[in-house]
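# Remarks on the overall topology
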Amino acid sequence: MTMTTDVRQALTARGLTKVYGQGDAAVHALRGVEVGFATGAFTAIMGPSGSGKSTLMHCLAGLDTVSAGEIHVGDVEITKLNDKQLTLLRRERIGFVFQAFNLLPTLTAEQNIRLPLEIAGRQADQVLFDRVIETVGLRERLGHRPTQLSGGQQQRVAVARALISKPQVIFADEPTGNLDSRSGAEVLSFLRRSVRELGQTIVMVTHDPVAASYADRVIFLRDGLLVTELHQPTAQTVLDTLLKLEA
Amino acid sequence: MFKTTLAGLLAHKLRLLLTSLAITLGVGFIAGTFVLTDTIDAGFAQKFTADAQKISVAVLPNGDDADRRQEPILTTGDLAKVRGVKGVADAQGIVQGTAPLIGKNGKVAGSRATSGISILKGTLNRTAITEGAAPAAATEAVLDKDTAKTRQFTVGDTITVLDSKQVKHQFTLVGLFDVGVNQQLSFTGAVGFTTDTALRMTGAKGFREIDVRGGDGVSPEDLRASVAAALGSGYTVKTGTQLADDLASANNMDTEFIRMGLLLFGLIAMLVAALVIYNTFNILVAQRAREMALLRCIGATKKQIFGSILLESVVVGVLSSVLGLLIGLGLGAAALAVLGAVDAPIPTGTGVSLSSRTIVVGLLIGIIVTVAAALLPARAATRVAPIAALRSQVEESTFRAGVLRTVFGALFLLAGTGVTVLGVAQDPGQDALLIVMAGGCVFFLGVLIVAPMIVKPLGAFVGWLPRRLFGVPGKLAVDNSRRNPKRAATTTVALTIGVTLMSLISVITTTTRATVSEQLNEQFPVDYMIGTQQRDSTIPRAVAGELRSRPEFGSVITVRETEARIKGQSVNIGAFTVDPLFKVTPVKGSMKDFGPGTAAVTSWTAKELGVTVGDTVKAAGRDYRVVALLSDQSTPVYGVNLTERDFDAAFPRVMDKQILIKVKDGVAADTSRRIVEAVTDPYPTVLVESARETRGAFDEALDMITMIITGLLGLAVLISLLGIANTLSLSVHERTRESALLRALGLTRPQLRRMLSIEALVLGLIGALVGVALGVGFGWAATQTMVDDVIFRAPVLQILGFVALSGVAGVVAALLPARRAAKASIVGSLASS
Ligand SMILES: Nc1ncnc2c1ncn2[C@@H]1O[C@H](COP(=O)(O)OP(=O)(O)OP(=O)(O)O)[C@@H](O)[C@H]1O
Ligand SMILES: [Mg+2]
């Protein structure tokens, strides 16, 4: 895989290594991952349990420190930043959708959506806001609190929140892990539409071949190394690759 | 089950520590009180026992003459009789009276007359001479070392002392002595003479006590019997050991009083600690609902769950009580060290005593309070259904004001208000105060019940400013503070208790000050007050005469007072110069009719005598018609006021007790002062006080009381702050993932810390506001029961200070939990469940 610093790459990682613990107890979660994510693409990360998917994502998103290697978000090398700079970077350039517990229970859906902008002290782009709300289909639910929303609706609110600040990259860690297949499909197609219609870059960790098939590209991890990747995947090709990996 | 509980406790050491600390402080204070007072008692006992070894037998006059006007005494005849008893080697009488010392300024020293005592010769002497020698001749005297220091006398100086006829005598100061544990001598200061000189100087007609030393081989018991036989009835004869025991137990009564006072504050602290424990266990149970449900799923019975929570509380109780005992020991020792350093008249030399009673009481209180506070939470834990283990999302606690809560809350609040109003409407007095206090307690219970209902609106009110000032952290903080009303309510009520009592005390003292001094001031705007040191000595009339002749003074008012028997009661009766300057406003009747043959009576005395306007009082053989009832503060003469002429006719020998002077406008302060001093200088017992000084001294005394009480209440406030810290750290723990999410979304570490600080600030302010409202409200009610015409004053600055301090303290309490929350790794926290 060639790794030139392309302007079209939203995010690149070089020689990414992450070791937990020391000595005998050391766990090599990532052993030199080289990967790039194109702007406006929807990429899925897959691999067996314990292969390092979450670790990779946390490092890429600046939530965790790396043991070695570099990560560039756009033109910023985030592996050189301190906690404060990382926080500001997350504020400005990165969006998140987690598997669960995405929303603050004290805030309404709308307040939750606007939260990152408020934290950054920025004004919401009203046109974008309306468009996102329209796309997510939550207009009637804006005044509700998270406990009054279904799991799928909560995840859609989380996606809307990630979109509203127009981040360079959105990271999603098993966003449909807790959802039934219908709600899962809703959230996924919504993610894909935001890539197509808003030009958003999305990196998603998933276990589910069907979920991965919504992506433009799937990369596969095993034992902390990137082993292969698929373009324009279908559920079947993803499943086949996974079976091959685990064999 | 036991293992699970203990493992859980050990896993959260900080939480355990914070929780325990609340009880530890309370127990520490209580134990410290016992340690302190026990040590003082032991010291007294030791001192008296040591003294007792010097005497074989002591003779005291029988003092059960209830209607005595003068102290019972032993005569020189009694002494001679004792000396004649076979087996007596030595017997001497102890003299104690007044012998005013003249200071270097030529005026009597101090506001109270110096005591004059005899220093016994030989081994019977119990006074410790610390420097020089005991007086051996009639021209020699010794001074107590504190008085010598403040009045700047050293051994070898000549001192001047007034005798009972106000005649000056000079003595050579041959030594200094320590008054030891004698409270009275330490208060007045004392000068010591040989026994004969002491009798002469004090004018005492005899002795307070005769101390006897037996000859070799004579047992104190036998000697006691023979001395008692020689004296006959009317005397108390004790052996030295008996005397020591009696003196020690009399002193124990005094320390008992201190002990009770301090314990009251200890109990308040324990009440607050109980609230903190209750809240902590409630939160723990809520947080562990899933864990407990899981245990229930795998077969734990309700009883086992209940037991495990209770076991946890027992461990906390034992741990904190033991720690508390240690702290108490330290506190007691520290208090003793301070008392020793300021040379308080108590024995501080003995080692700190930790009695088994202290240990038992400390442990019992600590453990019982902890376990009792955990009972309700433990019961709540048993109600967790096993199915709860299967629910994925922890429910946001929702609070709905139940009908029962509303009804009971309203009932208690109304009843409390009703009782208080009843108390305020009563005539001032102790009964009214007690009723108001009862009303206050009931009302507070009402507040306790409705607290979860009012915490939300109060949070919105208090949070209005932080919400606007601090951006997103501010908004989130205010939301969080109102999130769990029950928890917030218990947390803040703990603080409310301390703040309520503090503002109550400051309202009462400020109002007392205003009522006593300002009202006097308004009605008697005097510049100088001339009085005397001793109760019985008076001002020669020449002083007032001379002052009146000076053109610099606008008004010179003389006050005369004595006691008379009216309707079988001993009543204060007096007169003061009527002067247009002093407006005496009657409560009832009119001062226009005040003239010859009439009297104006202050309300309290009128009530005691059962007289009112129109009635007559008979004093010194003459009838006076009561024309007005006066409030207790509106006249310098407390009791029955007559006109000056009537009073002089009835009591011609009574001299002036007090002279009040108003300086004419335009006369410089130092001019007037010089004249007043020149006029009074020839009379060493006559003292001049400027009104400002008097007020200053009164204010100082009040300030001191306020400070001590506020300081003692500070303990309760400190414990409630621990409660805030604890609640907050538990909430932070509960919201680990929320904090991680916020951090992921771009909240910086300082912002996260600020968020938690603001939450604590809001909680602290809610507690303080409720406390201040209650304190001022019931402070007002309480002052209404003091006297008829109270000038109510709320110390606004002080109260604002309490509020501000509570807020700041809340923020301080949040420091540790906030730091921990900010330090947590985002990834780790996101993963935690
Ligand atoms: N905080 C940590 N400390 C030590 N080891 C860790 C830590 N976090 C992850 N690991 C280890 O690193 C490796 C990669 O973990 P990671 O969570 O990235 O896997 P994953 O691919 O996300 O797995 P899953 O599909 O189960 O979520 C695993 O072996 C894991 O045990
Ligand atoms: Mg994972």
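Note that the coordinates shown come from a computational prediction; the quantities given were computed from them, not determined experimentally.

## Some remarks on the overall build of chain B
Looking only at helices and strands, chain B features 25 helices and 22 strands. Overall, chain B is about 95 × 80 × 50 Å in size when its C-alpha atoms are taken along their principal axes. Scored against the burial criterion, the 833 residues of chain B give a buried share of 49%. When contacts within chain B are restricted to residue pairs at least 6 apart in sequence, long-range pairs at least 24 apart make up 82% of them. Accessible surface, chain B: about 38,100 Å² in total, of which carbon and sulfur atoms supply 61%. If you average the places of the 80 positive and of the 66 negative side-chain charges in chain B, the two averages end up 13 Å apart.

## With respect to the sheet that holds strand E9 (residues 217-222) of chain A
Residues and elements named next belong to chain A. With respect to topology, 6 strands assemble into an open sheet ordered E6-E7-E8-E3-E9-E10, the strand pairing being mixed. The outermost strands of the open sheet, each flanked by one partner alone, are strand E6 (94-97) and strand E10 (225-231). Neighbour-to-neighbour, the strand axes of the sheet open up by a mean angle of 20°, direction not taken into account. Two strands pair when backbone bridges link them, and strand E3 (residues 42-46) and strand E8 (residues 202-205) are joined in this way by 4 bridges, in the parallel orientation. Paired with Ala-44 across the bridge in E8 is Met-204. Each of E6 and strand E7 (169-173) touches helix H2 (residues 83-93); the most contacted strand, E6, lies at about 80° to it. Across the sheet, helix H6 (residues 181-198) touches E3 and E8, and the angle it forms with E8 is around 155°.

## As for the packing of aromatic side chains
Here a ring pair, both rings aromatic, is described through the centre-centre distance and the interplanar angle of the planes. Per the counting criterion, the structure on display carries 6 aromatic pairs over all chains. The interplanar angle of 10° and the centroid separation of 5.4 Å between the aromatic rings of A:Phe96 and A:Phe98 together place this pair among those described as stacked. Owing to a relative accessible area of 1%, A:Phe96 belongs among the buried residues under this scheme. Centre to centre, the rings of B:Phe44 and B:Phe48 are 5.8 Å apart; their planes meet at 10°, and the pair counts as stacked. You can see B:Phe44 and its partner B:Phe48 sitting in helix H2 (residues 13-52), 4 residues apart, about one turn around the helix. If you follow A:Arg114 out to its NZ or CZ, it ends over the ring of A:Phe129, 4.1 Å from the centre.

## Focus: the site of ligand 1
Residues and elements named next belong to chain A. Of all residues adjacent to ligand 1, which total 13 residues, the nearest are Ser-49, Lys-53, Ser-54, Thr-55 and His-207. Thr-55 is positioned such that a nitrogen or oxygen atom in its side chain is 2.5 Å from an oxygen atom of ligand 1. A distance of 2.8 Å separates an oxygen atom of ligand 1 from a polar side-chain atom of His-207. Protein burial of ligand 1: of its 630 Å² of free accessible surface, 60% is covered by the chains. Those elements that provide at least two residues to the shell around ligand 1 are strand E2 (27-38) and helix H1 (53-60). In terms of residues, the shell around ligand 1 owes the most to one element, H1, which gives 3 residues. For the shell around ligand 1, the class distribution of residues is 4 nonpolar, 7 polar and 2 charged.

Cut-off values and rules
Residues numbered from 1 in each chain as written. Chains lettered and ligands numbered in written order. Predicted model: local features only at pLDDT ≥ 70, side-chain atom pairs only at ≥ 80, totals over all residues. Heavy atoms only, no water. Helix = DSSP H or I, 4+ residues; strand = E, 2+ residues; numbered from the N terminus. Buried < 20%, exposed > 50% of the residue type's maximum accessible area, 1.4 Å probe, protein only. Contact = heavy atoms within 4.5 Å. Areas by Shrake-Rupley, 256 points an atom, 1.4 Å probe, with all protein chains shown as cover. Lys, Arg positive; Asp, Glu negative; His and termini not counted. Charge placed at Lys NZ, Arg CZ, Asp CG, Glu CD. Pairing = 2+ DSSP bridges. Axes fitted to C-alpha atoms, helices over the stretch in contact; angles between N-to-C directions. Phe/Tyr/Trp six-rings, centres within 6.5 Å; stacked < 30°, edge-to-face > 60°. Lys NZ or Arg CZ within 6 Å of the ring centre and 35° of its normal. Near = heavy atom within 4 Å. Polar contact = N/O pair within 3.5 Å; in protein donor to acceptor, adjacent residues only side chain to side chain. Nonpolar A, V, L, I, M, F, W, Y, C, P; charged D, E, K, R; others polar.

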